[in-house]
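Survey of secondary and tertiary structure
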Amino acid sequence: MSAAIAKENTQIRFVKRPTGLYDPADTFKVVKEPVPQPKDGQVLVRIIYLSLDPAMRGWMNDTRSYVPPVGINDVMRGSAVGEVVESKSDALKVGDIVTGTFGWQEYAAVDAKQATPWHPGSELPGVPLSKAFTVLNMTGMTAYFGLLDVTDPQPGETVVVSGAAGATGSLVVQIAKIKGCRVVGIAGGEEKCRYLKEELGVDAALDYRSSTFKQDFAAATPDYVNVFFDNVGGDILDTVLGRLAKGARISICGAISQYNATEAEARGPRNYTSLIAQRAKMQGFIVFDYADRYGEAAKEYIQWLKEGKLKVAVDIQEDGVTCAPEASLKLFKGGNKGKLLVKVGSEPGEQ
């Protein structure tokens, strides 16, 4: 049975474009409105889990990008999984679990075509919704195509991953191991490095905060770097550029070290001429470009999960949608291990 529909919808609205690391109290505003009524062809979705992602920092800037910036006073953009609680479309029925860009709110009335049906339970019995959502939605798709399509790693090659204990990075290191690569994970702090070694099975885990990081990195890459999956940018990217093997491939997924930099602080790579000397390539990508191939990735992920080859870490904030602004700062302060989610509402069957 679907959960009862509340009378109010709590939303987080974006009210001020920040400079540098944002102050949640200045950047966002909590608003309570009546629960929206779906129109013909629409569904009302009760949001269960909201995804917090580094990309949202870019959406706050009024600059040209792959999606328009979030408008001032708009509900903050965000991917989520939820339950259809009212339907005025033949495509979806009450009780269906769906995913989509529903925003930072408790309820969303959207066109049915903007809500993707979600059926992982039938193929992944026993896998929690939070973990299935992490792997089979944007985070998992980003890791899969950003590594395998952009860089085509081969067995025996050395693959380096920055932000390796984060949501995307933790999947990338495991995929690289599954594909027979030697994997070096870079993360912040001893705890995350232990997690990479003991839980995810990387061959070397390096703490970028260590005073000996550059020496440690050189020692961990005696045959240089064939593939680099970069989530961080900045100094780490420069360090890796100095250790490229001939024909190396770099996948630029993100640059979280630069997202909150002011104009005076922001900078690009200094060691980019290594790309010339080593005949290497550095390529950016956007996961939405692979939308017609998501099923391909999902099929392989499901098999890996069934075979026990993949571990999924989730960091769930339990205090509802109002905790999203403050919780999102964990992404930029290195506070999360694995996928950062906000539990907005109960899962079907929960009290």
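Residues numbered from 1 in each chain as written. Predicted model: local features only at pLDDT ≥ 70, side-chain atom pairs only at ≥ 80, totals over all residues. Heavy atoms only, no water.

**Some thoughts on the overall build of the protein**
Using the following cut-off: We count a stretch as a helix when DSSP gives it H or I for four or more residues in a row; a strand needs E for two or more, and each element gets its number in order from the N terminus. Working definition: with a 1.4 Å probe on protein chains only, accessible area under 20% of the residue-type maximum means buried, over 50% means exposed, and in between means partly exposed. Contact definition: two residues touch when any of their heavy atoms are within 4.5 Å. All accessibility values rest on the Shrake-Rupley procedure with a 1.4 Å probe; residue burial counts only the protein chains present in the view. In this tally Asp and Glu are treated as negative and Lys and Arg as positive; neither His nor the chain ends contributes. A charged residue contributes its charge at one atom only: NZ of Lys, CZ of Arg, CG of Asp or CD of Glu.
Helices and strands together make up the secondary structure of the protein, namely 13 helices and 15 strands. Counting only C-alpha atoms, the protein reaches 60 × 50 × 35 Å along its principal axes. Out of the 351 residues in the protein, the part that is buried amounts to 53%. Sequence-distant contacts in the protein: of pairs separated by 6 or more residues, those separated by 24 or more amount to 68%. With an accessible surface of roughly 16,000 Å², the protein has 48% of that area assigned to carbon and sulfur atoms. Positive and negative charge centroids in the protein, built from 40 and 42 side chains respectively, lie 3 Å apart.

**Some words on the sheet that holds strand β13 (residues 281-284)**
What counts here: Any two strands with at least two DSSP bridges between them are considered paired. To define axes, lines are fitted to C-alpha atoms, for helices over the stretch in contact only, and angles between the resulting N-to-C directions are given on a 0 to 180 degree scale.
Pairing in this open sheet of six strands is parallel, and the strands run β10-β9-β8-β11-β12-β13 from one edge to the other. With partners counted over all chains shown, the strands left at the sheet margins are β10 (204-207) and β13, one partner each. Here the strands of the sheet are splayed against their neighbours by 15 degrees on average, with no regard to which way each runs. Looking at chain direction, strand β8 (residues 158-162) and strand β11 (residues 225-230) are connected through three bridges and run parallel. Bridge assignment links Val159 to a residue of β11, and that residue is Val227.

**Concerning the packing of aromatic side chains**
Threshold: For this analysis, a ring pair means two rings from Phe, Tyr or Trp (six-membered ring only for Trp) whose centres lie within 6.5 Å, classed as stacked if their planes differ by under 30 degrees, edge-to-face if by over 60, and tilted for the remaining angles. Note on criteria: charge over ring means Lys NZ or Arg CZ within 6 Å of the ring centre, with the direction from the centre no more than 35 degrees off the ring normal.
Evaluation of the coordinates by the stated rule reveals 14 aromatic pairs. One aromatic cluster in this structure is built from Tyr144, Phe145, Tyr290, Tyr294, Tyr301 and Trp304. Looking at Arg77, its charged tip hangs above the ring of Trp59, at a distance of 5.3 Å from the centre. Positioned above the aromatic ring of Tyr195, the side-chain terminus of Lys337 is 4.7 Å from the ring centre.

**Considerations on the nonpolar core**
Under the convention used in this document: We call a set of buried residues a nonpolar core when its members are Ala, Val, Leu, Ile, Met, Phe, Trp, Tyr or Cys and they connect through side-chain atoms within 4.5 Å of each other. Boundary definitions for the domains trace back to an automatic or database domain assignment.
Formed by 50 residues in total, the largest nonpolar core has its most connected members in Trp118, Val135, Leu136, Leu147, Leu196 and Tyr301. Shared between two domains, this core holds at least three residues of each, these being domain 1 (8-118 + 313-343) and domain 2 (138-288). Excluding anything up to four places from it in sequence, Leu136 contacts Trp118, Pro120, Leu124, Met141, Ala298, Tyr301 and Ile302. Judged by nonpolar contacts, the second largest core, of 35 residues, contains Val43, Val45, Val70 and Ala80.

**Quick word on the domain arrangement of the protein**
Where interface size is given, it is often the accessible area lost as the parts come together that is meant. Put simply, the rule reads: Two parts placed together each lose some accessible area under a 1.4 Å probe, and adding up what both lose gives the buried area. Polar contact is defined as a pair of N or O atoms within 3.5 Å, subject to the rule that within protein one atom must be able to donate a hydrogen and the other to accept it, and that residues adjacent in sequence are counted only when both atoms are side-chain atoms.
The domain architecture assigned to the protein consists of domain 1 (8-118 + 313-343) and domain 2 (138-288). One C-alpha centre belongs to domain 1, the other to domain 2; they are set 29 Å apart. Listed as interface residues are 18 residues of domain 1 and, on the opposing side, 14 residues of domain 2. For the pair domain 1 and domain 2, the summed buried area comes to about 1,300 Å², and 61% of that belongs to carbon and sulfur atoms. Linking domain 1 to domain 2 there are four residue pairs in polar contact (both at pLDDT 80 or more).

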